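In case you want the letters, here they are:
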Amino acid sequence: MSQLSAEDEAELQSLLKQLLRSINDKISDAPSTECAEEILLHLEETDKNFHNYEFVKYLRQYVESSLGSVVEEETKNLTRRDGQHAIGSGHDTLIHAVTQKTRDSAEYQQMMQTLKNTMTIVVECLINKFEEDQMRKEEMHREKQHNQSNSQYIDNCSDSDSSFNQSYAFIRQEQLQALAEKLDSSRPKEVRWEALQALCCAPPSDVLSCESWSSLRRNLCAALTDPGLSDNVLQFFAKIFSSSPLNVTREIYTSLAKSVESSFLSHKLSFPTGSAAIDVNRPEISRLLKQIRLMNDFQKEVTTFWIRHPEKYMEGVIESTFSLLSFHHEHGSASPGTEKALEPIHLLALLDIKATWFKKWMHGYYSRTVVLRLLERKYKSLVSDLILGQYLSQTPVLFSVNVSGSVQRGVYTGKELEYAFFVHSLCVLGKLLIYINGRKLFPIRVRKRKDPVNLTDLVVILINIIYQHPKPLHSDASHTGEVLWMLCERTECAAECLYQTPVIETLLAPVIALGKKTRYNSLDIFLSTTSHIVHIKKNLVSCVSCQQISLSLICRTFAAHVIVQFTLRLLDKELSSLSESDMSHTSCGAFIFVCRQMYNTCEGLQVLRPYGLHKAVAAAWKKTSSLSERVPTPVPGAAAGTSTQDVHIWEETLLDSLLNFAATPKGLLLLQQTGAINECLSYMFSRFTKKLQVSRCEKFGYGVMVTQVAATAPGVAALHSSGFVRALVVELWSVLECGSEDVGVVRPKPTPMDPIDRSCLKVLCVCVFLFCTITAVFFFTPSHFTPQDLIDRLIAVNSDAKIHSLFHYEQSHTFGLRLLSVLCCNLDSFLLLESQYNICSMLLQSQRENVTEEFIIDNLSVERNHVLVRVSVVGGPSERKLPPRALQEGEDPYPWPMFSSYPLPPCYTLDPPKIHHNSLGRKNVDEVDNMNWIDRYLTIMYVLSFIYRYGSYRKFLTEDAVNGLTLLMKHIKIFLSTQRVKTASELITQQDGYQGHDWLTSTVFLIMAGDMERSLRLLLNLSSLLTSAFIWPVRIHASVHVPVEVAESGIPPVYWCTAHYVEMLLKAEVPLVHSAFRMSGFTPSQMCLHWLTQCFWNYLDWTEICHYVSTCVVMGPDYQVYMCVAIFKHLQPDILQRTQSQELQVFLKEEPIQGFKVGDYLELMEGLERSYRHVVLTDMKTIRNPVD
């Protein structure tokens, strides 16, 4: 079928005409010929019925009949030549090759030429017929012109029922010129109306491109003032707005704005006063409302496309809008005695009360820049009028402004118009204030006010509006509160607008007034007012990005003191009228929440601590708890009483508030002193199991609190009793051994490439901060079964039965070894585990069993080798070499020598001495019991050997030094035992002296080169200094020099004082590191406790350890805080990187502090001393009364 006959041409003509009729709607909506062509070119992509059109079916059949044989032949040739089936990627290659061959064939060229010639003839025939129809139509129009106006043009502006030869037809320039002449204001109204009807039926693109468009536009704008023609003109303008480019719509919009302006100027409408009202159905007002409504619709839609046009067009739209909204102020209000006039902005406020148009204009940077530039340069008076609107609403107005919808209003009073203007102005101002250049418009001069209004003045005005109208939900207060809450959520905006002393004073005015016994006319008004206060302040302090600024302001001014004092009065029921109200718990809880945002930071706690808020909250909780216990058991089927539910909610609120004291080290001590720590952690665990967030201000869950708590003895005990530890072990076991293999998968899981699978990393991190302190290890080993089971099942896998009990032996055992590696980074934990489980012997035995002719290198042997080197060699970053866990490329993937017996290969130390390694004797894990005197003796012997090896390596000690160190330890123990309190604490860590090793004593012994007498004399002299309480943990443990309740708490001063101030200074001086810890759920305090307790052994080189001790002794104990801050600052790049990879906890525990030199950071520490010594050292001196 290479040629098409005359019958084929006729059929094609019919099918093409049918296709065009089917897509008539799409073509009619096109604003130009080019757009119509684009629609046709992409019809297959946009029309789901494309392949069902008869014209398309005809063409497909014609192509198949013309090229079918060619395609089949080429397909056979290619498949025969390549000898492959059309499967997968080969199928695509075959299709591409066949297509290319077919397009290059003579048959294809002939088909395309024939089709082109035939379609040209078909299209020409259609055009000729179209022109004939048009001429016939015009002739009929001239003959029946007087009837056409009544039948053809009435309500014919919609093209929904038009066909291909009807609706939008091409209109000639002569016709448009005639319509422009008929629209002249000198013509009769009937002629102008008919011309408008005809114009509405013409394609907008033809009208806009005609030569007489300028005169036509002038006549259209003139017709807007005619009541009988205005609606038709607006109808035509609406079509222009919906289908024309911005350069044209800008002209229409500008003309419309000028017309509205002239109408306001000519009508001189007055603003209703008193009992008078404005009827929007009055012809002149109704006409203005319709015109402003069209403008408002365009204002809201133009933002979707004006970025595609030059800025001058957008600027024209914006400037004409501002000119309209501000013209009356410039022209009509010069004389103060004249009657107040109705302005365009009043009607715009009725139509768009929330100023949606302005919000959309300010959303994009492209338009926002122009808006703010024009306001700054030409229309500042418009902003001053908006501010003036804040003075208008003096009484609460309860109504809903609505000009559309199911209920329409026709009459509005003056107060209602003022209210609409108030809300509209408020929304515009709120949007201006959140941007820097918007705030730069202030201060600004306002009528009726002598001094310019600055940002602070404006916010004070808004707050006073809330106080004037506190009760109604949908009144000024709610809209004003929305603006203030929006300001709270942006750091820079809040800093400039809200965190100012006058603003805080205004916010607290009702609280101060009540504190001065000033009586409110109504208790309900006070409660509503305070509700607004706390909601605003809660938003101020709960936004994480703004928290530091807000708390700095609140804590350093009177505000914190006013809030906490008022909160204490609420808790103590001193406000009798308020305590009797049903809202007393709600108001009190809200004020406690504001206090909570302060006391869960180190800086805020410093301010609130003297008030004893923790005691008041605990007392209220105990009282509420006793009431809830007396509540009778509910009868089945009976509804629970509201009072019972309220008591339960109030009890949880108080518990939650107490729990938040655990967010800081010193706050944890205060919580422990209340005696409610167990109940608080049980409450936390109940929320944790329900996946409930801590609060809006806590973005990273309970990780920080758990870490803080897990660093202390009472915290570990409370975590265990709450069920948290058991839940963690169950989750760990589920991740390691159960996994998700019972769920069907499409493809198998990839083989883990890391020493520990990433799926287990989160659980490992939780185990790290929960178990990696001597307190936790001592508490859980061996009397409490859960962690012991972990050691038995995952670490001490030393029998076939244990191996076969694991579903994923290699992964689970690797996880256990990795956890053991982190546990052993704490030297006290390692010594305890070694004395209980003989870790080293167990690992060496496993290595021996992993040898055939040579060591088998796998994940387990590499991890065991790493752990053995870590626990056997002591030293800082340049004093020992830890073998990596990863294999290397090349012929020797693991060049580090493995060993199955001591001594270690020499490559792991720089100059290792020949020292005999003691073995404590093998114990079966299943037979481990509580530590007795034999265990303690073995531990002492091991640690002495441990220290002796390091001292010999550093060449400080001689062979008889062990005896001297033993004697020194004995003297120090006797000396310190005389200064211990007789504790009644049930904590296991407080029962039999200090549970860890005295690392400071060992350090001093090495500094003195093994001289026992000099070491003892130095330590005795040091014990009389304040510094000893912080750098010598054994010295202050259960000491008589601190209150008994603190001595029995099991929380050392190095934690609740040193670590507390490290966190406070990090937040101020190294904020990125502080944020990284928060995001990771880890705390700097636990890491500080780890480093300082073992005197930086294995983390710093010996020289820097000596510098640390001497610096703290000579410069003062506060230098311990400054040094920790300096170390964190030194580690900042690594901390940020490891936070991103979710390895921060493991990194800080396992890695030594590379490259840190105390001398390099002395200048930094001296700067910190100048800034913070008056706070840090002063608080360190109050160690005898830390909770008062």
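Residues numbered from 1 in each chain as written. Predicted model: local features only at pLDDT ≥ 70, side-chain atom pairs only at ≥ 80, totals over all residues. Heavy atoms only, no water.

### Structural notes on the overall build of the chain
Threshold: The way it works is that DSSP assigns letters per residue, a run of H or I at least four long becomes a helix, a run of E at least two long becomes a strand, and they are numbered from the N terminus. Partly exposed describes any residue whose relative accessible area lies between the buried limit of under 20% and the exposed limit of over 50%, with all areas from a 1.4 Å probe on protein chains only and scaled to the type maximum. Should any heavy atoms of two residues lie within 4.5 Å, those residues are considered in contact. What sets the accessible areas is the Shrake-Rupley method with a 1.4 Å probe; for residues, cover comes only from the shown protein chains.
Within the chain one finds 62 helices and 2 strands. Looking at the 1188 residues of the chain, the share that counts as buried comes to 54%. Sequence separation of 24 or more characterises 77% of the internal contacts of the chain that already satisfy a separation of 6 or more. Split by element, the accessible area of the chain, about 54700 Å² in all, is 53% carbon and sulfur.

### Notes on unusual backbone geometry
Of note, the amide linkage connecting Phe442 to Pro443 takes the cis form, showing an omega dihedral of 0°. Within the secondary structure, Pro443 is located in the loop between α22 (436-439) and α23 (455-468). For the bond running from Tyr902 to Pro903, omega is 0°, close enough to zero to count as cis. On the secondary structure map, Pro903 appears in the loop between α47 (859-872) and α48 (933-953). With a phi close to 65°, Lys955 is a non-glycine residue in the positive phi region. Position of Lys955 among the secondary structure elements: in the loop between α48 and α49 (961-977). Note on Lys955: relative accessible area 63%, which makes it exposed. Residues other than glycine seldom take positive phi values, yet Asn1098 does so here, at roughly 75°.

### Here we look at the environment of Tyr1119
Tracing the backbone shows Tyr1119 in helix α59 (residues 1119-1130). Tyr1119 gets classed as buried once you look at its relative accessible area, which sits at 0%. Other than its neighbours up to four places away in sequence, Tyr1119 contacts Thr1111, Cys1112, Met1165, Glu1166, Glu1169 and Arg1173.

### A look at helix α40 (residues 761-771)
The element α40 is largely enclosed, with a buried count of 10 among its 11 residues. Taken residue by residue, α40 has Leu761, Val763, Leu764, Cys765, Val766, Cys767, Val768, Phe769, Leu770 and Phe771 as its buried positions.

### What to know about the pattern of salt bridges
For side chains bearing opposite charge, pairing can occur when the charged atoms are close. In plain terms, the rule: We count a salt bridge whenever a side-chain nitrogen from Lys or Arg sits within 4 Å of a carboxyl oxygen from Asp or Glu.
In total, this model carries 22 salt bridges according to the counting rule given. Between Lys378 and Glu319 there is a salt bridge, with the nearest N and O atoms lying 2.1 Å from each other. Of this pair, Lys378 sits in the loop between α19 (365-377) and α20 (380-388) while Glu319 sits in helix α16 (residues 311-331), and the two are 59 residues apart along the sequence. By relative accessible area, which is 47% here, Lys378 ends up partly exposed. Judged by relative accessible area, Glu319 falls into the partly exposed class, the value being 21%. The salt bridge involving Asp656 is made with Arg596; its shortest N-O contact spans 3.0 Å. Here the residue Asp656 occupies a position in helix α34 (residues 642-659), and Arg596 occupies one in helix α31 (residues 584-599), the gap between them amounting to 60 residues. Among the residues examined, Asp656 registers a relative accessible area of 9% and is labelled buried. What emerges from the salt-bridge pattern is a single network uniting Arg818, Glu863, Arg885 and Glu1150.

### Re the packing of α49 against helix α50 (residues 999-1007)
Our working definition: Between N-to-C directions, angles cover 0 to 180 degrees, with each direction set by a line fitted to C-alpha atoms, over the stretch in contact for helices. Small angles under 35 degrees read as roughly parallel and large ones over 145 as roughly antiparallel, with 65 to 115 read as roughly perpendicular and the rest as oblique. When the near helix sits turned anticlockwise from the far one by under a right angle, the crossing is termed left-handed; a clockwise turn instead gives a right-handed crossing. Throughout, the ten residues Ala, Val, Leu, Ile, Met, Phe, Trp, Tyr, Cys and Pro are labelled nonpolar, Asp, Glu, Lys and Arg are labelled charged, and all others, Gly among them, are labelled polar.
Axis separation between α49 and α50 bottoms out at 11 Å; the angle between their running directions is 135°. Considered as vectors, α49 and α50 are oriented oblique to each other. Along this stretch, α49 crosses α50, giving a crossing that reads as right-handed. Between α49, through Ala961, Gly964, Leu965, Leu968, Met969 and Ile972, and α50, the contact on the second element is made entirely by Thr1001, Ser1002 and Phe1005. When the residues that make up the contact of α49 with α50 are grouped by side-chain class, the tally is 6 nonpolar, 3 polar and no charged.

### Notes on the nonpolar core
Worth spelling out the cut-off: To qualify as a nonpolar core, a set must consist of buried Ala, Val, Leu, Ile, Met, Phe, Trp, Tyr and Cys residues joined through side-chain atoms within 4.5 Å.
Formed by 323 residues in total, the largest nonpolar core has its most connected members in Phe322 and Trp1097. A total of 12 residues in this core trace back to one element, the largest contributor, which is helix α21 (residues 414-433). Sequence-distant contacts of Phe322, that is, excluding residues within four places in its chain, are made with Trp357, Phe358, Trp361, Val371, Leu374, Leu375, Tyr379 and Leu382.

### As for helix α39 (residues 724-738)
Heads up, the condition is: Helix span, expected: 1.5 Å multiplied by one less than the number of residues in the helix.
The end-to-end C-alpha distance of α39, which contains 15 residues, comes to 20 Å, matching closely the 21 Å that a straight helix rising 1.5 Å per residue would cover. Buried residues of α39: Phe724, Val725, Leu728, Val729, Leu732, Leu736 and Glu737, and no others.

### What to know about the packing of α59 against helix α60 (residues 1132-1140)
Look at α59 against α60: their axes get within 5 Å of each other, and the N-to-C directions meet at 60°. When the axis of α59 is compared with that of α60, the two are oblique. Residues Phe1128, Lys1129 and His1130 of α59 pack against Gln1132, Pro1133 and Ile1135 of α60. Taken together, the residues of the contact of α59 with α60 sort by class into 3 nonpolar, 2 polar and 1 charged.

### So, the environment of Val1046
Positionally, Val1046 belongs in helix α54 (residues 1044-1047). Distance from Val1046 to Leu670, taken between C-alpha atoms, is 9.6 Å for residues 376 residues apart in sequence.

### Some points on a nonpolar patch on the surface
Just so we agree on the cut-off: Note on patches: the residues involved have over 30% relative accessible area and no salt bridge, like charges join within 9 Å, and the nonpolar side chains Val, Leu, Ile, Met, Phe, Trp and Tyr join within 5 Å.
There is a patch of nonpolar side chains on the surface, built from Leu1025, Val1113, Val1114 and Met1115 and spanning about 330 Å² of accessible area. Summarising the element assignment, Met1115 is placed in helix α58 (residues 1102-1115).

### Focus on the confidence of the model for the chain
The condition that has to hold: Note on scores: pLDDT gives the predictor's confidence for each residue, bounded by 0 and 100.
Taken over all residues, the pLDDT of the chain has a mean of 80, while the share at 70 or more is 79%. When pLDDT is averaged over each helix and strand of the chain, the minimum, 42, is found for helix α8 (residues 145-151) and the maximum, 97, for α59. A low-confidence stretch, residues 146-169 (pLDDT under 50), is modelled with 46 contacts involving residues beyond four sequence positions or located in other chains. In the model, residues 329-335 has pLDDT below 50 throughout and makes 7 contacts with residues more than four positions away in sequence or in other chains.

### Let's talk about the packing of aromatic side chains
Put simply, the test is: Aromatic rings from Phe, Tyr and Trp, with only the six-membered ring used for Trp, were paired whenever their centres fell within 6.5 Å, and each pair was classed as stacked if the ring planes differed by under 30 degrees, edge-to-face if by over 60, and tilted otherwise.
For the coordinates displayed, the defined rule picks out 27 aromatic pairs. Ring centres 5.3 Å apart and planes at 35° place the aromatic pair Tyr253 and Phe298 in the tilted group. On the criterion of sequence distance, the pair formed by Tyr253 in helix α14 (residues 246-267) and Phe298 in helix α15 (residues 283-301) is long-range, its members being 45 residues apart. Classification of Tyr253 as buried rests on a relative accessible area of 0%. With relative accessibility at 4%, the residue Phe298 sits in the buried group.

### Let's talk about the side chain of Ser1039
Relative to the helices and strands, Ser1039 is located in the loop between α53 (1033-1036) and α54. With sequence-adjacent residues up to four places away left out, Ser1039 is seen in contact with Gln979, Val981 and Ala1047.

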